[in-house]
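Summary of the model geometry
If you want the building blocks of each chain, they are given just below.
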Protein chains: 6
Amino acid sequence: MRPSSRRNDQLRQVRITRQYTRHAEGSVLIEFGDTKVLCTASVEENVPPFLKGKGKGWVTAEYGMLPRSTNTRMRREAAQGKQSGRTQEIQRLIGRSLRAVVDMAALGERQIVIDCDVIQADGGTRTASITGAFVAMTDAINGLIAAGKLEKSPIREHVAAISVGIYQGKAVLDLDYPEDSDCETDMNVVMTSSGKFVEVQGTAEGVAFTRQEMNALLDLAEQGIKDLISMQQSALAS
Amino acid sequence: MRPSSRRNDQLRQVRITRQYTRHAEGSVLIEFGDTKVLCTASVEENVPPFLKGKGKGWVTAEYGMLPRSTNTRMRREAAQGKQSGRTQEIQRLIGRSLRAVVDMAALGERQIVIDCDVIQADGGTRTASITGAFVAMTDAINGLIAAGKLEKSPIREHVAAISVGIYQGKAVLDLDYPEDSDCETDMNVVMTSSGKFVEVQGTAEGVAFTRQEMNALLDLAEQGIKDLISMQQSALAS
Amino acid sequence: MRPSSRRNDQLRQVRITRQYTRHAEGSVLIEFGDTKVLCTASVEENVPPFLKGKGKGWVTAEYGMLPRSTNTRMRREAAQGKQSGRTQEIQRLIGRSLRAVVDMAALGERQIVIDCDVIQADGGTRTASITGAFVAMTDAINGLIAAGKLEKSPIREHVAAISVGIYQGKAVLDLDYPEDSDCETDMNVVMTSSGKFVEVQGTAEGVAFTRQEMNALLDLAEQGIKDLISMQQSALAS
Amino acid sequence: MRPSSRRNDQLRQVRITRQYTRHAEGSVLIEFGDTKVLCTASVEENVPPFLKGKGKGWVTAEYGMLPRSTNTRMRREAAQGKQSGRTQEIQRLIGRSLRAVVDMAALGERQIVIDCDVIQADGGTRTASITGAFVAMTDAINGLIAAGKLEKSPIREHVAAISVGIYQGKAVLDLDYPEDSDCETDMNVVMTSSGKFVEVQGTAEGVAFTRQEMNALLDLAEQGIKDLISMQQSALAS
Amino acid sequence: MRPSSRRNDQLRQVRITRQYTRHAEGSVLIEFGDTKVLCTASVEENVPPFLKGKGKGWVTAEYGMLPRSTNTRMRREAAQGKQSGRTQEIQRLIGRSLRAVVDMAALGERQIVIDCDVIQADGGTRTASITGAFVAMTDAINGLIAAGKLEKSPIREHVAAISVGIYQGKAVLDLDYPEDSDCETDMNVVMTSSGKFVEVQGTAEGVAFTRQEMNALLDLAEQGIKDLISMQQSALAS
Amino acid sequence: MRPSSRRNDQLRQVRITRQYTRHAEGSVLIEFGDTKVLCTASVEENVPPFLKGKGKGWVTAEYGMLPRSTNTRMRREAAQGKQSGRTQEIQRLIGRSLRAVVDMAALGERQIVIDCDVIQADGGTRTASITGAFVAMTDAINGLIAAGKLEKSPIREHVAAISVGIYQGKAVLDLDYPEDSDCETDMNVVMTSSGKFVEVQGTAEGVAFTRQEMNALLDLAEQGIKDLISMQQSALAS
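Residues numbered from 1 in each chain as written. Chains lettered and ligands numbered in written order. Predicted model: local features only at pLDDT ≥ 70, side-chain atom pairs only at ≥ 80, totals over all residues. Heavy atoms only, no water.

With that settled, the discussion passes to the interface of chain B and chain A. Listed by partner, the interface residues are 37 residues for chain B and 37 residues for chain A. Here chain B and chain A share an interface that buries about 2900 Å² over both sides, 45% of which is from carbon and sulfur atoms. On the surface where chain B and chain A come into contact, there are 16 salt bridges. With a closest N to O distance of 2.7 Å, glutamate 25 of chain A and arginine 68 of chain B form a salt bridge. Here chain B and chain A share 25 residue pairs in polar contact (both at pLDDT 80 or more) between them. When contributions to the side of chain B that touches chain A are tallied by element, the ones reaching two or more residues are β3 (35-44), β4 (58-65), α1 (77-80) and β5 (111-120) of chain B. (Contact = heavy atoms within 4.5 Å. Buried area = accessible area lost by both parts, 1.4 Å probe. Salt bridge = Lys/Arg side-chain N within 4 Å of Asp/Glu carboxyl O. Polar contact = N/O pair within 3.5 Å; in protein donor to acceptor, adjacent residues only side chain to side chain. Helix = DSSP H or I, 4+ residues; strand = E, 2+ residues; numbered from the N terminus.)

So this is what it looks like as structure tokens:
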């Protein structure tokens, strides 16, 4: 029995709220149960130095947790003077995941900067971030089209992410914090709407996992991501 | 005429939402019109080194803006590796303002850490932060009383803050961003429920101000803060 | 009775020594009693990036305390790897105060960099800094005029600063360190020679202050600043 | 055809040289073809603060590249003042991989610090690091046993790592730099001698990958890691 | 002919002013011509961690230049967030030079912290710093004796320093800035009153120097340091 | 008797291995007994900002120690976020020593970046670095000549370095770690093939040294450096 009484293959309740704040070109609050992440997409008419003059765009991401998004207060990274290794790992993952579905030449020499800020954490902040950031990025790009700056969307397909893990010997979908902090194996999976993988990151926390377990986890993840992509589509259609 | 069509002595619509997130001992979303700040209060059973063993408590604050809380994206301070001078100024102001109404001996050797994070900015983030942080701190302290860790509240009285300024030659209350970025004088006033000042910070932006103007500004601020304190009381009563 | 036996409305002995060091375009040692600050003004033929090509100048300031300017040794900020929040607050205040009396278009696309370094501290270092920096800046600008780089001075009027406070229930002028560390309210006032305010920063240290007290403090400050401006004028005339 | 003319399932020539330097408790030079990494294991009779007094040990890792280990000179991280996100990601991966095979209670309250420094890079530095670090850690722990500080080894089984990827549409084992910089998918796999996974990190570089491709990659990795573990065993036996 | 018209073996005018500021246990302004350095000595009743509980004291030094001590403004190290390599080199040299003449066991478990801050620079700031710091340290130690905390002085003998160099083919004593920036060889020599060397640091700036030149430089330095030590003695006697 | 049983004027066994790694334009492993330093020279077709457009080149150096090159593990400077004062001192010394023998105008507007990384330390790492870096730089420059980018070598003569010291009252050549950590005086000498000094840095560690001792040390150093330069020549000839 999962702490939340969910079935092993059951997502938490997911909510996607677009236009959550008013300044950003895309602004989405995504909720996976009690995990709440504000994802904004900012359009900047410049690119990083290594892309100057190459006619291609870029998508990058930054991630942060509010100090009291967690059960006990975390130290503020800005006050510490540096981002933790975990933060850097997550923001690099978000950026790579989004870039995998964008045609950089079609985006043109501009940059989409994604900010994922965790308002409340209950496990799965990185997968919620990717799933919500895709919607924010889509809104920002649709704004460029509406403004006549792009003719058609450089987004090739949807991308979303979910965590799966072995919890008390069973493969489960969408781990919340009590599961995440007590599981044997934790895997984050990023997939596209065509059913292909963009990232698979599985980590044994204590007990190494078998190929069979890995297959069970991937099966769960595939189904969960299909559902998340439907929710992205509904949110964008509304 | 003010850009928002408000009267010169009119506050923006203020909303105070308690228990906005679930982990913090106090968690308040305060809105001054389009300015939205999440204020959390965390109780820590320790004090800074300079107070160790003195039987007194402490209240301190940190402040941050989400990168896209503003009209154009600000660089993330955690990624920059340091907090700006402005950020430090504001968080020091918030801390001093709250400490002014707390009896540190009565609080006991523990610390209340306030985090004010700006979700959306439209002027007045520091005054909204102080006003909301007071409510979050009160909730946290009431939790200590409910848990039997304190017998009675060490909070002596309410404290709230508002900005006033000279905009197009007129004294106005509660400047929003269009006013703030175009005013001659900007003053932040922090007052208690007994009508005394905790902080007065007036700055001429371009044109120095007269004693008469200063008096007009203080009159406006006094009234505004009385109203804010009523709203704090209503929020805490509900 | 004040620790220094001064009358409540009495400044400490003020000395302004121009050309104190030989390299800077303006170099002033200002003494408020035992507080000694070296203020230099450096002319740089460039402006910060946000002003490039706009035909306007800039005035900025940095502040520091020698490690043993104080009673017990302070850690050296350069060795610490960062400036404290207090240092940043003060240097921002000095810069704003001086900019308030300079016509930036008339200054032309160049920058005056003020350095205020405290040689010996006994309270009031920020107000001494502003008062001395004005003289150093004036010398630097007069040098530009003498060199034919400016036709007339972009300085519109004098600016000076003083601290006032409630000490043992009485409003007093120009607090020294024993008063400053033991006062109920501390206010720093920056005014121009036309009697207008540039900055008013009042802080209750423990006990909030009334409107009446604030008025008494401002009265004291106005008289003190008038006297300081006379001393600036004498120093510049000699 | 691979740039190195290797078969798709062929490792580069692997060399493991123990006691490469004389100060460290374990010191191994590992070579995967032209990739050369010096892995040292240092025993410290203390643990990180979060483990103090819990009777358990710890294994942690740091990673670095010499500035000219690469084709064009990289900036020295010590001179930059910070470690890149990539460096932190890799050193966290090395630490987790080794901890997965060590019984921390059996290690006792002491710490093994692994340093992996890349002398020459040609792709696969993180997998060479893990594979070599295991040998260095084993030597350090055997030293503790020889010195009578441990009765038996807390190491439960071997761990090694290899990269696999889709290069020009084919699954290949142990990518060198020309393959790594031009592949569609890159996966790092960490496995134990019992054939279980500790980490699987697959990343699509441009083209997302299918479940079939993933299976082909894992098949290759399993065989490669079995071979690496044999080589670790031979090296430790000699 | 030297730019200053001095003889090749002639020091600049040296002035040593004790009790220059009032807070430090030792406070000396030393002037070598236009070079002016404020040297303070602070007594701290603790030692660095590596000396805790060993019954021995320590002497350490920090060095800084005011931003406009130089002809063109230098960036403030505190604002830069780090001390330059040159600053660190100099402060390490000052510390070593003073430690060479102090009996650390006789000093007891306390620390003398020297701060050398350059008010005005015209070459030779490190040698002036050492020479002045010795006097400040002596005053601080005499204060400990006067206060009954030490029975007798742990200072074994005097130490002072001077620069020598090859300027336009001639060996000269006590280089000022015009000489220093245009010389072939620059050597800093630190000696004790018994005529022994504590430090010799010779650097060819462009043209390497011969053993004969080195001997000529050391001859000049020996005489210069003898004279500086007489001046230290006179200053301490007054 | 020296710990290593060497004669007082005897170098440790010196080995110079060229082309030690494959990416750098010059790559040399230099061994002074158990001290092993990897010296690489990288050619960059740009110069530091202060030399832009002046038609002159530059040679600069960085130095680092692998964390476990030493007997007890040193903290990694990249993880610490800064280079120590000692590291900066050494890398500045290496850079100055090499620049002393290069004609910067003849080098043209390009830069040679030297990296000296200590693989194993046993005293004398800075002198081994200089001696090895000269060979790496020569290889890099010969590569420029071979590629037709330079007509003739801008290197005017050889440069090498050795340490000498007073150990147990005797002048000895090429101190190893047991001698270095227990000597009275330590001197690093950098000389050219024409027998001139580039740097002489003598430091009394506890006991000041006499002019006679200094002369004895310089005599030893001259002979040692002559021998090192022969070895450089042999290595470059092979």
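Right, let's talk about the relation of the copies chain B and chain A for a bit. Superposition of chain B onto chain A requires a rotation of 180 degrees combined with a translation of 0.0 Å along the rotation axis, giving an RMSD of 0.0 Å. Taken together, the rotation angle and the small translation identify this as a two-fold axis. Counting the interface residues of chain B, we find that 100% of their copies in chain A are interface residues as well, pointing to one common contact surface. (Least-squares fit on C-alpha atoms with pLDDT ≥ 70 in both.)

All names here are of chain B. Summed over all chains, the structure comprises 0 disulfides over all chains. Unpaired in this structure, cysteine 39 has its nearest cysteine sulfur neighbour in cysteine 116, at a distance of 4.1 Å. Looking at cysteine 39, the relative accessible area reads 0%, which means it is buried. (Disulfide = S-S within 2.5 Å. Buried < 20%, exposed > 50% of the residue type's maximum accessible area, 1.4 Å probe, protein only.)

A few words on the pattern of salt bridges. Residue and element names in this part refer to chain E. Per the stated rule, a full pass over the model turns up 138 salt bridges over all chains. Of the charged contacts, one joins glutamate 179 and arginine 2 as a salt bridge, the two residues approaching to 2.6 Å between their closest N and O atoms. Separated by 177 residues along the polypeptide, glutamate 179 in helix α5 (residues 177-180) and arginine 2 in the segment before β1 (14-18) bring together distant segments of the chain. Grouping residues by exposure puts glutamate 179 and arginine 2 together as buried.

Interfaces are often sized by the amount of accessible area the parts lose when they come together. Contacts between chain A and chain D engage 30 residues on the former and 30 residues on the latter. Of all residues in chain A, the largest losses of buried area upon contact with chain D belong to Glu89, Phe197 and Arg211 of chain A, amounting jointly to 25% of the total for that side. At the boundary of chain A with chain D, the tally comes to 6 salt bridges. With its nearest N and O atoms 2.9 Å apart, the salt bridge here joins glutamate 222 of chain A to arginine 211 of chain D. Across the chain A-chain D interface, the total number found is 18 residue pairs in polar contact (both at pLDDT 80 or more). Secondary structure elements with two or more residues in the side of chain A that touches chain D: α2 (85-99), β9 (197-204) and α6 (211-237) of chain A. Examining the composition of the side of chain A that touches chain D, we find that 8 residues originate from one element, β9 of chain A, more than from any other. When grouped by side-chain class, the residues that make up the side of chain A that touches chain D number 9 nonpolar, 11 polar and 10 charged. (Nonpolar A, V, L, I, M, F, W, Y, C, P; charged D, E, K, R; others polar.)

Tallying each qualifying case throughout the model produces 10 cavities of 30 Å³ or more. The volume enclosed by the largest cavity comes to roughly 320 Å³. If you trace the largest cavity, you find 24 residues lining it, with Arg76 and Ala78 of chain D together with Met65, Arg76 and Ala78 of chain F closest to the centre. For the lining of the largest cavity, the secondary-structure elements that each account for two or more residues are β4 (58-65) and α1 (77-80) of chain D together with β4 (58-65), α1 (77-80) and α2 (85-99) of chain F. Class assignment of the residues belonging to the lining of the largest cavity gives a composition of 11 nonpolar, 5 polar and 8 charged. By volume, the second largest cavity is sized at about 260 Å³. Lining the second largest cavity are 19 residues, and of these Arg76 and Ala78 of chain A together with Arg76, Ala78 and Asp117 of chain B lie nearest its centre. (1 Å grid on protein atoms, 1.4 Å probe; cavity = no way out; pocket = protein on both sides within 12 Å on 5 of 7 lines; lining within 4 Å. Points joined across faces, edges and corners; volume = space filled by probe spheres on them.)

Within this structure's numbering, the places UniProt gives as "domain: Exoribonuclease phosphorolytic" (unreviewed entry) are residues 10-140 and 159-223 of chain A. The span residues 10-140 of chain A is 30% helical and 31% strand by assignment, and the distance between its end C-alpha atoms comes to 31 Å. (UniProt positions renumbered as here; feature names shortened; annotations may be inferred.)

Non-glycine residue aspartate 174 of chain C carries a positive phi angle of around 60 degrees. Relative to the helices and strands, aspartate 174 of chain C resides in the loop between β7 (170-173) and α5 (177-180). Unusually for a residue other than glycine, glutamine 19 of chain F sits at a positive phi of about 50 degrees. Tracing the backbone shows glutamine 19 of chain F in the loop between β1 (14-18) and β2 (26-32).

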